[in-house]
Structure formats: structure tokens, C-alpha cells
Amino acid sequence: MTHSFEALQAQVRTLPQPRLNEIVMQTNRYDEMRAWYAAVMGIDWAFENTPESPAEEKYQPGERQVRAVDVRASFGRIGAPPGITFAFFELPWLREPSHIEPGINHTNFMEADLDTLVKRVELLRDADIHPHRVANHGPVMSFYYKDPEGNIVEFCSANFDTPEETLAFTKSEAFRNNPSGLELERDEFLARYHSGIPKKELLKI
């Protein structure tokens, strides 16, 4: 029996909304990627699997659906409880990413507040990890980084104190005309932050 997407959407809407529970990244630079995310995210790896035999002996090159027991894999948790599982699978047969194939554009992590975001940005700066883009989007203030394989990781914080204020801004003409917001420079923004400019003025579009 064939369903239209519209009909399926209506049916699925009768179910409780699922919660994002797990992100699993695949890599052929396992040690480097594992170390980078542990440092940048502050992750403690709760479990690591080391298989008895190489994954290449059990899977054909190009296979993506693998069992954690068959590959080198690390699992940790991120976010406030219950949080989500964040994991790495080592797939040695992967090619270097070209980032021209369909897939996820970037991952976004929301900080507790602007102060926490600035602290992370400064810790990364002091560890010689620098954003390739900084933007005040209007609803959020964002810093974008590239991991060792070039995947884009965004750290952001809310510009408004309540969800209602955020929603109102996203429905405004100003946001419709410019959903990307303002492109900024990290050190200039940090200098303005530390100068004591009120938050509303600092984050104003």
C-alpha cells in the first residue's frame, strides 16, 4: 500500500514527538577525532570497544551499517540529563571527506548562556582552536569550528531570555529579510563583551 508523504505526516503527528537520543560519527581518523571532541566538548568516554579482529575482515568497503562490537568505537554523553549519546565508529575503508555529497551540513550545540559560550570560545582560542566563522544570527550568537575531518561544529547561545521572545523575533520582518544576521570577528566581539556593554546592546542586530 502506497502512502503520500502528506498522509504519512498527518498520521505520524498523532504520535508523541521522539527525542534526539544519539549521534554516531564515522571516521577513518579515529584517534584524532576522538581526542578533538573529548577536548572541545569535555566528553568523558564511558565505554570504548576494541574488536579482536579488523573490521575489514567482516565488512565490504563502503559499508556504513556496522555493529559496534566489530569496530573501534567510543561512547560518551553530552548535554544535561538525560542528555544524548555521542559516539565514534572507526571505519578504516572511508575515503577522505570531500564534503560535496548529501548529508548533514553541521551540528549545533546550545550553551547554557552567553557567559558559558564565551568561556568555551576563549578556552578553545587558548588551545589554538579557532572559529572559521562568527555570526550573530538574531535568535542566537554562534561560533563555527571545523573538526579534524572538516565537519562543521557550531556552538551558540540564546540572544533572548525567553522562548517567547525568540519566537517573536523569528517571526519579525527583520529576521525574514536577513535570517543569517551579522558576520562578526571573534576577537573584536570578545573585546566588546569584556568592555561591559550590556547584553541586549552587545547582541542587538
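Residues numbered from 1 in each chain as written. Predicted model: local features only at pLDDT ≥ 70, side-chain atom pairs only at ≥ 80, totals over all residues. Heavy atoms only, no water.

Participant: How would you sum up the overall build of the protein? Please name residues and give values.
Facilitator: Along its length, the protein carries seven helices and nine strands. Projected onto its principal axes, the C-alpha positions of the protein cover 60 × 55 × 35 Å. When each of the 205 residues of the protein is scored for burial, the buried share is 35%. Sequence-distant contacts, at least 24 apart, represent 64% of the contacts inside the protein between residues at least 6 apart. Surface exposure of the protein reaches about 13,200 Å², of which carbon and sulfur atoms provide 54%. Between the centroid of the 22 positive side chains of the protein and the centroid of its 32 negative side chains there is a distance of 5 Å. (Helix = DSSP H or I, 4+ residues; strand = E, 2+ residues; numbered from the N terminus. Buried < 20%, exposed > 50% of the residue type's maximum accessible area, 1.4 Å probe, protein only. Contact = heavy atoms within 4.5 Å. Areas by Shrake-Rupley, 256 points an atom, 1.4 Å probe, with all protein chains shown as cover. Lys, Arg positive; Asp, Glu negative; His and termini not counted. Charge placed at Lys NZ, Arg CZ, Asp CG, Glu CD.)

Participant: Can you lay out the nonpolar core for me, pointing to particular residues and giving the numbers?
Facilitator: The biggest cluster of nonpolar side chains holds 30 residues, and the ones touching the most others in it are Tyr37, Phe86, Phe155 and Phe189. Mapped onto this core, the elements with two or more residues apiece are α2 (30-41), β4 (84-90), α3 (114-126), β7 (140-146), β8 (152-158) and α6 (186-194). Per-element tally for this core: the top contributor is α2, with six residues. For Phe86, the contacting residues outside a window of four places in its chain are Ile23, Met25, Tyr37, Ile43, Trp45, Ser74, Phe75, Gly76, Ile78 and Phe109. Of all hydrophobic cores here, the second largest spans 10 residues; its members include Ala55, Val71, Leu91 and Trp93. (Core = buried A, V, L, I, M, F, W, Y, C linked by side-chain atoms within 4.5 Å.)

Participant: Any chance you could break down the packing of aromatic side chains for me, citing the residues and the numbers?
Facilitator: Within this structure, the stated rule accounts for 13 aromatic pairs. Seen from their ring centres, Tyr145 and Phe155 are 6.0 Å apart, and the 70° between their planes marks the pair as edge-to-face. In this pair, Tyr145 is assigned in strand β7 and Phe155 in strand β8, connecting sequence segments 10 residues apart. Pair check on accessibility: Tyr145 and Phe155 agree, each one buried. Within the aromatic cluster, the residues linked to one another by ring pairs are Trp36, Tyr37, Trp45, Phe86 and Phe88. (Phe/Tyr/Trp six-rings, centres within 6.5 Å; stacked < 30°, edge-to-face > 60°.)

Participant: Describe in detail the sheet that holds strand β3 (residues 73-78), supporting the description with residues and values.
Facilitator: In spatial order, the strands read β1-β4-β3-β2; together these four strands make up an open sheet with mixed pairing. A strand with exactly one partner marks an edge of an open sheet, and here the two such strands are β1 (22-27) and β2 (47-49). On average, adjacent strands in this sheet sit at an angle of 20° to one another, irrespective of strand direction. Both β3 and β4 contribute to a ladder of six bridges, which runs antiparallel. (Pairing = 2+ DSSP bridges. Axes fitted to C-alpha atoms, helices over the stretch in contact; angles between N-to-C directions.)

Participant: Residues and numbers for the sheet that holds strand β5 (residues 106-110), please.
Facilitator: Strand order in the open sheet formed by five strands is β5-β8-β7-β6-β9, with mixed pairing between adjacent strands. Across the chains shown, the open sheet's two edge strands, defined by having one partner strand only, are β5 and β9 (182-184). Strand-to-strand twist in this sheet, taken as the mean axis angle between neighbours without regard to direction, amounts to 25°. As judged from the seven bridges shared by β7 and β8, these two strands associate in the antiparallel manner. By the bridge assignment, Ser142 is partnered in β8 with Cys156. α6 rests against β6 (133-136), β7 and β9 of the sheet, and its axis sits at about 140° to β7.

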